[in-house]
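Here's the letter readout for the chains.
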Amino acid sequence: MPPVFAHGRLRLYLLKLLDEAPRHGYEVIRLLEERFQGLYAPSAGTVYPRLAKLEAEGLVTHATEGGRKVYSITDAGRAELADRGGELADLELEIRDSVTELAAEIRDDVRGAAGDLRREMRAAASASATQVEDESWKAAKEDLRKARQEWKEQARRAKDESRRAREEAQQARRQAKEAQERAREEVQRIAGQLQEQFAKSGGVLGSLAGAWLGGGTQGASPAGGAGAAGAAGAAHAAADGDWAADLAPTGDPARDLDRLLDRFRDEVRDAARDRGVTAAQVAEARGHLKAASGRLGTTFGAGA
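Below, the structure is looked at part by part. (Residues numbered from 1 in each chain as written. Predicted model: local features only at pLDDT ≥ 70, side-chain atom pairs only at ≥ 80, totals over all residues. Heavy atoms only, no water.)

With that out of the way, let us pick up helix α2 (residues 25–35). Each turn of an α-helix holds 3.6 residues, which means side chains three or four residues apart point in the same direction. Of all the positions in α2, only G25, E27, V28, I29, L31, L32 and R35 are classed as buried. Following α2 by one or two positions, Q37 has its phi on the positive side, about 55°. (Buried < 20%, exposed > 50% of the residue type's maximum accessible area, 1.4 Å probe, protein only. Helix = DSSP H or I, 4+ residues; strand = E, 2+ residues; numbered from the N terminus.)

Encoded structure:
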């Protein structure tokens, strides 16, 4: 029999089963056997230790009902399942392939057994062509009929399971892609709000924002925060919606936001170093940053 779960994959599939509904250990074993159409069933010594390990890691929890432990997935377990959505989709495809391969082996075994049986039946018929058909001959024909029926049923079930696994994997991939697109749009929206806030602000932060967005005038004085450099930077910010376009999305929204904030910090710091900064400008910048922080806090609070 070919391997069904690679290293660490059974752990992931147990989280998927518990995400569907709370289950006790025997039910998990039975459900795995059903998913594989009876072609594979893990032992209790395989499933229970993994459930205990998942519970120790805080990914599942259990309650006792009728003397049995009923396991449920935790928020941490759902988070890991969401983070590994692509890997779960690949696992569904691997399970489909495993079921197909196991069914093919059974089909070959049935065909081989049926071929041997037919040869034996022909030999028996040749040796007893003049004899009346007896009970052993009838039993042999019945065995052949049952073997053919079993093979057809196994092939049908394997085909149905393969189709279902393929559809679930395709749906999981679509959902993962949609989640990445939503995260990318959210990061771009937050970056746009930052640009708008800095474009509206005056003083040193307006000047630094102008230098950050590429619209500052070289050689402007440190005290000219509300002058031509800040105005040029604000105008450039309003016209340029592609700031930090070179930072391609990674698929992790939190990491993408960290990269945007790092870019902002570095460019503002460079502008302050090149132009110089006074205590009054720092105080003014603190007020603008506080306002921007409040806007971002509202943004993330609304998106929670």
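Judged by pairing direction, the sheet is antiparallel, and its three strands sit side by side in the order β1-β3-β2 without closing on themselves. Whereas interior strands pair on both sides, the edge strands pair on one side only; in this sheet they are β1 (23–24) and β2 (60–65). As judged from the six bridges shared by β2 and strand β3 (residues 68–73), these two strands associate in the antiparallel manner. Across the sheet, E65 pairs through a bridge with R68, a residue of β3. Across the sheet, helix α1 (residues 9–20) lies against β1, β2 and β3, angled at about 95° from β3, the strand it touches most. (Pairing = 2+ DSSP bridges. Contact = heavy atoms within 4.5 Å. Axes fitted to C-alpha atoms, helices over the stretch in contact; angles between N-to-C directions.)

Here we come to the pairing of β3. Examined bridge by bridge, β1 and β3 share two bridges and lie antiparallel to one another. By the bridge assignment, H24 is partnered in β3 with V70. Connecting β2 to the antiparallel partner β3 that follows it, the hairpin turn spans two residues, and G66 within it adopts a positive phi of roughly 60°.

A few words now on the pattern of salt bridges. Scanning the entire structure with this criterion turns up 28 salt bridges. Taking the shortest distance from any N to any O, the salt bridge between E20 and R35 comes out at 2.9 Å. Highlighted residues: E20 in helix α1 and R35 in helix α2, separated in sequence by 15 residues. Residue R35 is classed as buried on the basis of its relative accessible area of 13%. We note a salt bridge from D75 to R78, for which the minimum N-O separation is 3.5 Å. Note that D75 and R78 are positioned in helix α4 (residues 75–83) at a spacing of three residues, about one turn of the helix. (Salt bridge = Lys/Arg side-chain N within 4 Å of Asp/Glu carboxyl O.)

Relative to the elements of secondary structure, K16 occurs in helix α1. Residues in contact with K16, not counting those within four places in the same chain, are R35, L81, L88, E92 and E168.

Our focus in this paragraph is the nonpolar core. Core analysis: the largest hydrophobic core is formed by 24 residues, its most contacted members being L14, L15, L18, V28, L32 and V47. Mapped onto this core, the elements with two or more residues apiece are α1, α2, α3 (44–56), β3 and α5 (85–127). The leading source of residues in this core is α1, at seven residues. Here V47 is in contact with L14, V28, I29, L32 and P42, once residues within four sequence places are set aside. Listed in part, the six residues of the second largest apolar core include W243, A244, L260 and V268. (Core = buried A, V, L, I, M, F, W, Y, C linked by side-chain atoms within 4.5 Å.)

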